[in-house]
Amino acid sequence: FRLSNDIILSGFEWTPIGISMRLSFRGSFDGGGHAVRGMSIKRWKGENVGLFGFLHNATVSNLTVEGDISAAYENCAMIAGVANASTFTSCKAEGTIEHLESNGEFYSEAVGGICGKANTSAVFRDCENAACAESLIYAAYAGGICGRMTQPDYATKGYIFENCRNSGNLQASY
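A few points on the structure. (Residues numbered from 1 in each chain as written. Predicted model: local features only at pLDDT ≥ 70, side-chain atom pairs only at ≥ 80, totals over all residues. Heavy atoms only, no water.)

### Considering the overall build of the chain
Here is step 1: Counting secondary structure elements, the chain contains 0 helices and 14 strands.
Here is step 2: For the chain, the sequential pattern of α-helices and β-strands runs β-β-β-β-β-β-β-β-β-β-β-β-β-β.
Here is step 3: Within the chain, the fraction of its 174 residues that count as buried is 52%.
Here is step 4: Taking the contacts inside the chain whose residues are at least 6 apart along the sequence as the reference set, 83% of them involve residues at least 24 apart.
Here is step 5: When the accessible area of the chain is evaluated, it comes to approximately 7700 Å², of which 48% is carbon and sulfur surface. (Helix = DSSP H or I, 4+ residues; strand = E, 2+ residues; numbered from the N terminus. Buried < 20%, exposed > 50% of the residue type's maximum accessible area, 1.4 Å probe, protein only. Contact = heavy atoms within 4.5 Å. Areas by Shrake-Rupley, 256 points an atom, 1.4 Å probe, with all protein chains shown as cover.)

Take a look at the structure:
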């Protein structure tokens, strides 16, 4: 898939693409240097929140995502809630991400700018997080590019970060 223009989502409640391992996005998404702007996720009641909820063996490149996420469940980020053995190249996150407590229950997962949680392996090249990411729940993980990385599969490639930067504010409560 390749974007040929910017996409403006203002005024719409976004539902993430690929919400679980079984229903994951498993292809290549080239933003073509374009942006997805005005993404809003406020009422999502599932795990894995972002433009993509769950990536598996996927590639996302040349894409900026700007939005406002207030989620009360696991794994939040502008681009991918969860990335399983996936690659991000020249991606940028802008906006605000709030990872909130839900009905007095605490979820101990992750919030990040580009990716909430990476499983097994992930590659991040030339990526930037300019989003403000805040996790207001007990025992959560927060990071600029990626909020949490699980045990890597060293037989593949583990985790690689090349030429990435964070300019967004981060906050995690414990």
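### Things to note about the nonpolar core
Here is step 1: Phe52, Ile79, Phe88, Ile114 and Phe124 are the most contacted members of the largest nonpolar core, which has 38 residues in total.
Here is step 2: Elements with a minimum of two residues in this core: strand E2 (28-41), strand E3 (52-56), strand E4 (59-71), strand E5 (80-99) and strand E7 (115-125).
Here is step 3: Among the elements that take part in this core, E5 stands out by supplying 6 residues, more than any other.
Here is step 4: Setting aside residues up to four positions removed in sequence, Phe88 forms contacts with Leu55, Val60, Ile79, Ala80, Ala83, Ile114, Cys115, Val123, Phe124, Arg125 and Cys127. (Core = buried A, V, L, I, M, F, W, Y, C linked by side-chain atoms within 4.5 Å.)

### Here we look at the side chain of Asn75
Here is step 1: With respect to the secondary-structure elements, Asn75 resides in the loop between E4 and E5.
Here is step 2: Asn75 sits in the buried class, given a relative accessible area of 2%.
Here is step 3: Of note is the side chain of Asn75, whose polar atom sits 3.0 Å from the side chain of Asn48.
Here is step 4: Beyond its immediate sequence surroundings of up to four residues, Asn75 is in contact with Asn48, Val49, Gly81, Val82, His99, Glu109, Ala110 and Lys117. (Polar contact = N/O pair within 3.5 Å; in protein donor to acceptor, adjacent residues only side chain to side chain.)

### Quick word on the side chain of His56
Here is step 1: Here His56 is to be found in strand E3.
Here is step 2: Only 3.1 Å separates the side chain of His56 from the side chain of Asn84, close enough to count as a polar contact.
Here is step 3: Other than its neighbours up to four places away in sequence, His56 contacts Met21, Ser24, Phe25, Arg26, Asn84 and Ser86.

### Let's talk about the packing of aromatic side chains
Here is step 1: Applying the stated criterion across every chain, the model contains 5 aromatic pairs.
Here is step 2: Ring geometry for Phe25 and Phe52: centres 5.0 Å apart, planes at 45°, overall tilted. On the criterion of sequence distance, the pair formed by Phe25 in the loop between strand E1 (7-8) and E2 and Phe52 in strand E3 is long-range, its members being 27 residues apart.
Here is step 3: Ring centres of Phe124 and Phe161 lie 4.8 Å apart, and the angle between their planes is 10°; on these two criteria the pair is classed as stacked. Residue Phe124 is located in strand E7, and its partner Phe161 is located in strand E12 (residues 159-162); the two are separated by 37 residues in the primary sequence. (Phe/Tyr/Trp six-rings, centres within 6.5 Å; stacked < 30°, edge-to-face > 60°.)

### Some remarks on the pairing of E3
Here is step 1: For E3, the buried fraction is high: 5 of the 5 residues fall into the buried class.
Here is step 2: In this sheet, E5 lies alongside E3 in parallel orientation, the contact comprising 4 bridges. Looking at the pairing, Phe52 lines up with Ala80 of E5. (Pairing = 2+ DSSP bridges.)

### A closer look at the pattern of salt bridges
Here is step 1: The full count for this structure, using the stated rule, is 7 salt bridges.
Here is step 2: A salt bridge links Glu94 to Arg37; the shortest N-O distance between them is 3.0 Å. Linking Glu94 in strand E5 with Arg37 in strand E2, this pair joins segments that are 57 residues apart in sequence.
Here is step 3: Measuring nitrogen to oxygen at the nearest pair gives 2.8 Å for the salt bridge that ties Arg125 to Glu162. A residue pair is termed long-range when its members are at least 10 positions apart, and Arg125 in strand E7 and Glu162 in strand E12 qualify at 37 residues.
Here is step 4: The network of salt bridges with shared partners includes Arg37, Lys92, Glu94, Glu128 and Arg165. (Salt bridge = Lys/Arg side-chain N within 4 Å of Asp/Glu carboxyl O.)

### Section: the environment of Lys42
Here is step 1: Checked against the element boundaries, Lys42 lands in the loop between E2 and E3.
Here is step 2: Each C-alpha atom of the pair Lys42 and Glu98 lies 9.7 Å from the other, and the pair is 56 residues apart in sequence.
Here is step 3: Once you skip the residues sitting within four places of it in the chain, Lys42 turns out to touch Glu13, Asp68 and Ser70.
Here is step 4: Side-chain polar atoms of Lys42 contact the side chain of Asp68, separated by 2.4 Å.

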